Amino acid sequence: MASTIRVRAVAGAETTEVQSLIQHPMDSGFVKDANGQLIPPHHIEVVQFEHDGKTVFTALWGPAVSKDPYLKFSFKGAKKGDELKVSWVDNKGASDSLIAKIQ
Amino acid sequence: MTFPDVAPCGRRTALKAIAGGVATLSLFEASMLLPAYAADAKDWPADAFKQKSEADALKLLYGKSAEPSDKVDLDAPEIAENGAVVPIAVTSTLPNVTGIALLVLENPYTLAAAYKIPQGTQPAVASRLKMAKTTKVVAVIESDGKLFTASKDVKVTVGGCGG
């Protein structure tokens, strides 16, 4: 099964730039479906990025984050070929994780 | 020629069932072997995400109030045609940044996202937020234990919180 996480991490001279895209509906709980029923909230709560045993970035998300969330940040101390671990968990307890190679 | 379709069809169904079984199994294994680095929902500050005012959300998230600063740079569009996907970027020249939060004041709940910035990670993040209507967006930076903000008005043509 294809992962819900797509991540691209590129090591630069000083920092490694990480861009990630996660497939998730991010339902806010305020939108109605075609029958006028409210679609219950369904959104990612926590996304974590880890490099070399250390958390380098944590995102805490509410329902106001857009569908299929995009994220970009940079951190120091990684080099090409290192592993970057990405994981998320949503408000229904679903989760996914991925290990990406830094380019 | 007597039963041209049944057998292949049955075989296909069986194959599908096997494939489905394998997928379920690998998912199951993945969750069993989920390593310690997994994101933990316990970290999610549920109360802060339920607040309707900026001050209450910040108090619950950081336990203090914020002051405006020109060292917080919030990049948001002046006009967002689609409120469901508004690109927002925050950077800062402040030292020792440990957190970044984004609030959309006219949304049902003001707090949209909060980011933890450990040492070694740049005080900059870009993501996309939903906005119900034309609103003020506030970026909060936690630096040296204090909170600093920058804000910007975003005109939303089509709201992103549904109707």
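Summarised in this report is the structure supplied together with it. These numbers come from a predicted model, not from an experiment. (Residues numbered from 1 in each chain as written. Chains lettered and ligands numbered in written order. Predicted model: local features only at pLDDT ≥ 70, side-chain atom pairs only at ≥ 80, totals over all residues.)

What follows deals with the overall build of chain A. Across its full length, chain A holds zero helices and seven strands. Sequence-ordered secondary structure for chain A, helices as α and strands as β, is β-β-β-β-β-β-β. Across its three principal directions, the C-alpha atoms of chain A cover 55 × 25 × 20 Å. Looking at chain A as a whole, 46% of its 103 residues qualify as buried. In chain A, 53% of the contacts between residues at least 6 apart in sequence involve partners at least 24 apart. (Helix = DSSP H or I, 4+ residues; strand = E, 2+ residues; numbered from the N terminus. Buried ≥ 20, exposed ≤ 12 C-beta atoms within 10 Å, placed from the backbone. Contact = placed C-beta atoms within 7 Å.)

Turning next to the nonpolar core. All names here are of chain B. Counting 66 residues, the largest nonpolar core has Leu 102, Ala 113, Leu 129 and Val 140 as the members making the most contacts within it. The element best represented in this core is strand β5 (residues 97-104), accounting for six residues. Leu 102 has contacts with Ile 88, Val 90, Ala 112, Ala 113, Leu 129, Val 137 and Ala 139, leaving out every residue within four places of it along the chain. (Core = buried A, V, L, I, M, F, W, Y, C linked by C-beta atoms within 7 Å.)

Residues and elements named next belong to chain A. Of note in the backbone geometry, Met 26 takes a positive phi value of approximately 50° without being a glycine. Structurally, the position occupied by Met 26 is in the loop between β2 (15-22) and β3 (44-51). According to the C-beta neighbour criterion, Met 26 is buried, with 23 such atoms within 10 Å. Of note, the phi angle at Asp 52 is positive, near 55°, even though the residue is not glycine. Examined against the element boundaries, Asp 52 turns out to sit in the loop between β3 and β4 (54-61). Given 12 C-beta atoms within 10 Å, Asp 52 falls into the exposed group.

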